[in-house]
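Understanding the architecture of this molecule
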Amino acid sequence: MSGQSSRRTVLKGAALAGAAGLGVAACSTDSKLGHAQTPTPTAPVPLGAPDEVPVGGSKLYREQRLVVSCPAKGRYKAFSAQCTHAGCVLDKVEENEGNCPCHGSRFDVTTGEAIHGPATVPLPEVPIRVENGKLVAGPEAPRA
Ligand code: FES
């Protein structure tokens, strides 16, 4: 008797787990799995005042996993700040060189290029623009 009821409980649990699994698959871009997170934004990311990025220099937005450089006044380039080796987020940028704290890869943050291994794949570029006086990276907001 008790054996039967526990088997039913297990089956019910399995059915629930299956449904939850489907739910995860349907919104995988919002994964909270850390390193497995999509390296580039899937929605617009506001970054604040454009003049926080020095002309000829760059700025790391660690929380947003982005690095932005400014090759000339009013022009911006953005790349993912997630290392292409194993997915750690860069911890600092010095003289336009981004450093990965995990295994020492370095990237030219003005081009995304990996200049020191173990990473060999460039950082993916991210669209960036100035909207209402603020830097915004990532895809345009979908029009309703
Ligand atoms: S994760 Fe960046 S060097 Fe390994």
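To be clear, the structure that these remarks concern was listed above.
Here's a quick rundown of the structure. (Residues numbered from 1 in each chain as written. Predicted model: local features only at pLDDT ≥ 70, side-chain atom pairs only at ≥ 80, totals over all residues. Heavy atoms only, no water.)

1. Concerning the overall build of the chain
What counts, and what does not: A run of H or I in DSSP becomes a helix once it reaches four residues, and a run of E becomes a strand once it reaches two; helices and strands are each numbered from the N terminus. The buried label applies to any residue whose accessible area, calculated with a 1.4 Å probe on protein chains only, is under 20% of its type's maximum; exposed applies above 50%, and partly exposed to all values in between. The criterion used for residue contact is that any of the two residues' heavy atoms lie within 4.5 Å. Values of accessible area rely on a 1.4 Å probe in the Shrake-Rupley scheme; residue burial ignores everything except the protein chains shown.
Of regular secondary structure, the chain possesses one helix and eleven strands. Across the 144 residues of the chain, 30% fall into the buried class. Residue pairs in contact within the chain that sit at least 24 positions apart in sequence constitute 43% of those at least 6 positions apart. If you sum the accessible surface of the chain, you get close to 8900 Å²; carbon and sulfur atoms cover 56% of it.

2. Considering the nonpolar core
This is how it is decided: Residues belong to a common nonpolar core when they are buried Ala, Val, Leu, Ile, Met, Phe, Trp, Tyr or Cys residues joined through side-chain atoms within 4.5 Å.
With 14 residues, the main nonpolar core has Val67, Ala81, Cys83, Leu90 and Phe107 as its most contacted residues. Setting aside anything within four residues of it in sequence, one finds cysteine 83 in contact with Cys88, Leu90, Cys100, Ser105, Phe107, Ala119 and Leu123. Listed in part, the 13 residues of the second largest apolar core include Leu47, Val53, Tyr61 and Tyr76.

3. Things to note about the sheet that holds strand β10 (residues 128-131)
Picture the strands of a sheet paired through backbone hydrogen bonds; they go either parallel or antiparallel. To keep it simple, the criterion reads: Strand pairing is defined by DSSP finding a minimum of two bridges between the two strands. Here, axes are lines fitted to C-alpha atoms. For helices the fit covers the stretch in contact, and angles between N-to-C directions go from 0 to 180 degrees.
Strand order in this open sheet of three strands is β1-β11-β10, and the pairing throughout is antiparallel. Of all strands in the sheet, those with a lone pairing partner are β1 (45-48) and β10, marking the two edges. Here the strands of the sheet are splayed against their neighbours by 35 degrees on average, with no regard to which way each runs. Across three bridges, the pairing between β1 and strand β11 (residues 134-137) is antiparallel. Counterpart to proline 46 in the pairing with β11 is valine 136.

4. A short note on the side chain of serine 58
Test applied: Polar contacts, as used here, are pairs of N or O atoms within 3.5 Å; protein pairs need one atom able to donate a hydrogen and one able to accept it. Residues neighboring in sequence count only if both atoms are side-chain atoms.
Tracing the sequence through the fold places serine 58 in strand β2 (residues 58-61). Polar contacts involving the side chain of serine 58 include one to the side chain of asparagine 96, which spans 2.6 Å. Apart from residues lying up to four places away in sequence, serine 58 is in contact with Val53, Val68, Ser69, Val93, Asn96 and Val109.

5. Some remarks on the environment of valine 68
Looking at the secondary structure, you find valine 68 in strand β3 (residues 66-72). With twelve residues separating them in the primary sequence, valine 68 and serine 80 have C-alpha atoms 8.9 Å apart. Apart from the residues within four sequence positions on either side, valine 68 is in contact with Leu47, Val53, Gly57, Ser58, Lys59, Tyr61, Tyr76, Lys77, Ala78, Ile128 and Leu135.

6. Observations concerning the state of the cysteines
Note the cut-off: Sulfur atoms of two cysteines make up a disulfide when they are within 2.5 Å.
In this structure the tally under the stated criterion is one disulfide. Across a sulfur-sulfur distance of 1.9 Å, cysteine 88 and cysteine 102 are joined as a disulfide pair. Taking the sign of the S-S torsion, -95 degrees for the link of cysteine 88 and cysteine 102, the bridge is left-handed. Taken together, the residues span a long stretch of sequence, with cysteine 88 in the loop between β4 (75-80) and β5 (92-94) and cysteine 102 in the loop between β6 (97-99) and β7 (106-108) at a distance of 14 residues. Judged by its relative accessible area of 36%, cysteine 102 falls in the partly exposed class.

Read these as geometric descriptors, not functional statements.
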